[in-house]
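Examining the three-dimensional arrangement
Chain by chain, the residues:
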Amino acid sequence: MASNSLSFPPIAISTSQICNEKPHNSSLLPLPLSSLYGKKLLISHSKLRTLALQCNNPSTTVTVLSTLPTKKYTSEKIPKWSARAIRSFGLGELEARKLKYPNTGTEALLMGILIEGTSPAAKFLRANGITFFKVREETVNLLGKSEMYFFSPEHPPLTEQAQRALDWAVEEKLKSGDSGEITTTHILLGTWSEKESAGRRILETLGFNDDKAKEVIESVSLNVSLIFNISYFSISA
């Protein structure tokens, strides 16, 4: 069975089938024909972290990511993830698959931010000499290459450290008390908060440190309290 996986937004789906079969027990959201190359699809909202697109062709199933996985909080209790954060996560997961890694780790979260490239977090990293190609090279140096005939799962599961990084992002957003979105900056700082993670070790190798983390917070006016090593600081907008 063929299966496609996309990050949202934007939605760009090519299919030869017109979806006209309504999923059971779900509300339907028709999409503009122009966004789907002339084919009408119906999105059914799910209680899970994705939206499921179903067509009358059983071989065509599309998964659209609408939020990111967390363990500590239910999706109803957390703020909305920004479009860039969702896209970054999807691109990081894809990069983990390209490298044939069995899991999506903090290094993949970091690469996803840089591949997406348009967020303040990505721009800050590039301005400080931390590029996607450098991070990818350091990732391979640190974690090695997978065997030639090993294939990653379609959605490589998060490592414990990557999951904690995302949970940290949610927790810090909730602590801030504002109604904005959880952004790629939260994901970057969540990665940095995981002291023994591959993502942090790569950042350290490329010159990122606690002072740079403070600059990230100040540059986007976040309300964040961080504990790195023995230092504690609080930045308020």
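It should be noted that the structure appears before, not after, this text.
As a starting point, this report considers the structure included with it. (Residues numbered from 1 in each chain as written. Predicted model: local features only at pLDDT ≥ 70, side-chain atom pairs only at ≥ 80, totals over all residues. Heavy atoms only, no water.)

**Some thoughts on the packing of helix α6 (residues 184-193) against helix α8 (residues 210-220)**
As a packed pair, α6 and α8 sit with axes 11 Å apart at the nearest point and diverge in direction by 160°. One element, α6, and the other, α8, form an angle in the roughly antiparallel class. Crossing hand, α6 versus α8: left-handed. Judged by residue contacts, T185, L188, L189 and W192 of α6 engage D210, A213, V216, I217 and V220 from α8. Partitioning the contact of α6 with α8 into residue classes produces 7 nonpolar, 1 polar and 1 charged. (Axes fitted to C-alpha atoms, helices over the stretch in contact; angles between N-to-C directions. Helix = DSSP H or I, 4+ residues; strand = E, 2+ residues; numbered from the N terminus. Parallel < 35°, antiparallel > 145°, perpendicular 65-115°, else oblique. Left-handed = near helix turned anticlockwise from the far one by under 90°. Contact = heavy atoms within 4.5 Å. Nonpolar A, V, L, I, M, F, W, Y, C, P; charged D, E, K, R; others polar.)

**Comments concerning the side chain of S82**
Note that S82 resides in the loop between β5 (61-65) and α1 (83-98). For S82, the side chain forms a polar contact with the main-chain nitrogen of A85, separated by 3.0 Å. Ignoring any residue separated from it by four or fewer positions in sequence, one finds S82 in contact with E181, I182, T183 and T184. (Polar contact = N/O pair within 3.5 Å; in protein donor to acceptor, adjacent residues only side chain to side chain.)

**Some points on a nonpolar patch on the surface**
A contiguous nonpolar patch, built from M148, Y149 and F151 and spanning about 470 Å² of accessible area, is present on the exposed surface. For M148, the location among the structural elements is in the loop between α4 (132-143) and α5 (160-176). (Patch = residues over 30% accessible without salt bridge, like charges linked within 9 Å, V, L, I, M, F, W, Y side chains within 5 Å. Areas by Shrake-Rupley, 256 points an atom, 1.4 Å probe, with all protein chains shown as cover. Salt bridge = Lys/Arg side-chain N within 4 Å of Asp/Glu carboxyl O.)

**Some details on the environment of L91**
The residue L91 is located in helix α1 in this model. For L91, a relative accessible area of 25% gives the class partly exposed. Each C-alpha atom, one on L91 and one on M111, is 7.9 Å from the other, the two residues being 20 residues apart in sequence. (Buried < 20%, exposed > 50% of the residue type's maximum accessible area, 1.4 Å probe, protein only.)

**Here we look at the nonpolar core**
In this structure, W81, L125 and F208 are the most contacted members of the largest nonpolar core, which totals 40 residues. Mapped onto this core, the elements with two or more residues apiece are α1, α2 (106-116), α3 (120-127), α4, α5, α6, α7 (198-205) and α8. In terms of residue count, α5 provides more of this core than any other element does, 6 residues in total. (Core = buried A, V, L, I, M, F, W, Y, C linked by side-chain atoms within 4.5 Å.)

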